[in-house]
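Structure assessment
Given next are the chains, with one letter for each unit.
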Amino acid sequence: MSTARIAWGTGLTTTADDGTILDAWFPELGLGTQDPEDADAAVDSLTAQSGADPRRAVTVQPVQLVIDLDSPVSSTADAYLRLQLLSRLLVRPNELSLDDIFGHLPTVAWTNAGPMLPADADRLQPALRREGIQVQGLDKFPRLTDYVQPAGVRIADASRVRLGAHLAPGTTVMHEGFVNFNAGTLGASMVEGRISQGVVVGDGSDIGGGASIMGTLSGGGQHRVSIGARTLLGANAGIGISLGDDCIVEAGLYVTAGTKVVLVDAAPTADGSRPTVKAAELSGRNGLLFRRNSVTGAVEAKSRAGVGVTLNEALHA
């Protein structure tokens, strides 16, 4: 294995009574190799936090792990280490292998006291209620903030951001914003819409309320959408192509790879009309305004000069 592509973690795993590993939390992690003495000291400090929790039918115990970032996920602890490397900004989205991750992440009952098996949560519900323990969700992925508190970031509703999201300092995720794992921001950004798996958003960009960015998990496409710097995706808009720097997609407009787009700035064709291309041909270009002609209904692309959007500096400081 190449040292530059190795990562390590020392933390705690939660294991259900039937042997299912539910999660792994790594307060100590990094790239390269860990000093053996530091590793031993980290394990010693975590041992005091280990032990059984009969309320949730789980046992917490220390774990040490070294992984190859280019190899497929091989265990539940491996999956959690990769997700936390992303959320601690040690690697960017799409820069490590997440192959086979779903096969190693069990569906977990996430409670305010920690993870447990859904079947145990159902079986132990009377006792859980007496202890004030509530199930907050059933999912393979936990909330980001249960494992990482990203510096310089505001998250209005913690349930809207999954572990594995990459949120750069200065990012604000409002109540209806959503950021999936292996996705996020590379600089100060406003997120009021949905950033799907595999999507990255550049510095100074704004994802408007209700806006949607297509990922690669559900649609079958292989193109990983990216958004450049100072770009605005208007409210209730959506894209299935990449946007470069200083672009704007007007509110309510959804542009997929196959959308026919009229090039407003291009020279007219022989019949006097403007050329039309598929939006995929414009993917990643800088300085474009995408709009819908209010008279003809056609989707148009027009070159624009200047900055696409300027964020409120005080809000994102």
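Rules used in this analysis
- Residues numbered from 1 in each chain as written.
- Predicted model: local features only at pLDDT ≥ 70, side-chain atom pairs only at ≥ 80, totals over all residues.
- Heavy atoms only, no water.
- Helix = DSSP H or I, 4+ residues; strand = E, 2+ residues; numbered from the N terminus.
- Buried < 20%, exposed > 50% of the residue type's maximum accessible area, 1.4 Å probe, protein only.
- Contact = heavy atoms within 4.5 Å.
- Areas by Shrake-Rupley, 256 points an atom, 1.4 Å probe, with all protein chains shown as cover.
- Lys, Arg positive; Asp, Glu negative; His and termini not counted.
- Charge placed at Lys NZ, Arg CZ, Asp CG, Glu CD.
- Phe/Tyr/Trp six-rings, centres within 6.5 Å; stacked < 30°, edge-to-face > 60°.
- Patch = residues over 30% accessible without salt bridge, like charges linked within 9 Å, V, L, I, M, F, W, Y side chains within 5 Å.
- Salt bridge = Lys/Arg side-chain N within 4 Å of Asp/Glu carboxyl O.
- UniProt positions renumbered as here; feature names shortened; annotations may be inferred.
- Pairing = 2+ DSSP bridges.
- 1 Å grid on protein atoms, 1.4 Å probe; cavity = no way out; pocket = protein on both sides within 12 Å on 5 of 7 lines; lining within 4 Å.
- Points joined across faces, edges and corners; volume = space filled by probe spheres on them.
- Polar contact = N/O pair within 3.5 Å; in protein donor to acceptor, adjacent residues only side chain to side chain.
- Axes fitted to C-alpha atoms, helices over the stretch in contact; angles between N-to-C directions.

For the protein, the helix and strand inventory stands at five helices and 26 strands. With the C-alpha coordinates of the protein rotated into their principal frame, the extents come out at 75 × 50 × 40 Å. Per-residue burial for the protein yields a buried fraction of 49% across its 317 residues. Intrachain contacts of the protein at a sequence separation of at least 6 include 48% that bridge at least 24 residues. About 14400 Å² of surface is accessible on the protein, with carbon and sulfur atoms providing 49% of the total. The distance from the centre of the 25 positive side-chain charges to the centre of the 34 negative ones in the protein is 9 Å.

A few words on the packing of aromatic side chains. Both the distance between ring centres and the angle between the ring planes are used here to describe each pair of aromatic rings. Tallied over the entire structure, the rule returns four aromatic pairs. When the ring of Phe-102 is compared with that of Phe-141, the centres are 5.8 Å apart and the planes differ by 75°; the resulting orientation is edge-to-face. A residue pair is termed long-range when its members are at least 10 positions apart, and Phe-102 in the loop between helix H2 (76-87) and strand S5 (108-111) and Phe-141 in the loop between strand S7 (135-139) and strand S8 (154-155) qualify at 39 residues. The class of Phe-141 is buried, set by a relative accessible area of 3%. Put simply, the rings of Phe-102, Phe-141 and Phe-181 pair up and form one aromatic cluster.

Next up on the list: a negative patch on the surface. Side chains of Glu-28, Asp-35, Glu-37, Asp-38, Asp-40 and Asp-44 sit close together on the surface and give a patch of like negative charge. If you tally residues by element for the negative patch, the top one is helix H1 (residues 36-47), at four residues. Tracing the sequence through the fold places Asp-40 in helix H1.

Further remarks concern the UniProt feature "active site" (unreviewed entry) in the protein. Residues given the UniProt feature "active site" (unreviewed entry) here are Glu-192. You can see Glu-192 is positioned in the loop between strand S13 (190-191) and strand S14 (194-195). Discounting chain neighbours no more than four positions away, the residues touching Glu-192 are Met-174, Glu-176, Gly-177, Asp-206, Ile-207, Gly-208, Gly-209 and Gly-210.

Glancing now at the sheet that holds strand S21 (residues 248-249). The 10 strands are arranged S8-S10-S13-S16-S19-S21-S25-S26-S23-S24 in an open sheet whose pairing can be described as mixed. Every interior strand has two partners, whereas the edge strands, S8 and strand S24 (276-278), have only one. Examined bridge by bridge, S8 and strand S10 (residues 172-173) share two bridges and lie parallel to one another. If you follow Ile-155 over to S10, its bridge partner there is Val-173.

Consecutive side chains of a regular strand alternate in pointing toward one face of the sheet and then the other. Extensive coverage of strand S1 (residues 6-16) is indicated by the burial of 11 of its 11 residues. The hairpin formed by S1 and strand S2 (residues 21-31) contains four residues between the paired strands, and Gly-19 there has a positive phi angle of roughly 95°.

Put simply, the largest pocket is a space of about 270 Å³. Lining the largest pocket are 17 residues, with Thr-14, Asp-23, Gly-114, Pro-115 and Tyr-147 positioned closest to its centre. Residue assignment for the lining of the largest pocket shows that the elements contributing at least two residues are S1, S2, S5 and strand S6 (114-116).

Let's shift gears to the side chain of Asn-180. Along the polypeptide, Asn-180 turns up in the loop between strand S11 (178-179) and strand S12 (183-185). Separated by 3.0 Å, the side chains of Asn-180 and Arg-162 make a polar contact.

Below, the discussion takes up the sheet that holds strand S3 (residues 51-53). Read across the sheet, four strands follow the order S2-S1-S4-S3 without closing on themselves; strand pairing throughout is antiparallel. Of all the strands in the sheet, just S2 and S3 have a single pairing partner and so form its edges. Each adjacent strand pair in this sheet contributes to an overall mean axis angle of 35°, direction not counted. The sheet contact formed by S1 and S2 spans eight bridges and is antiparallel. Along S2, the bridge assignment pairs Trp-8 with Gly-30. This element, H1, spans S1, S2 and strand S4 (58-68) of the sheet and lies at about 20° to S1. Each of S1, S2 and S4 is contacted by H2, which is oriented at about 50° to S2, the strand it contacts most.

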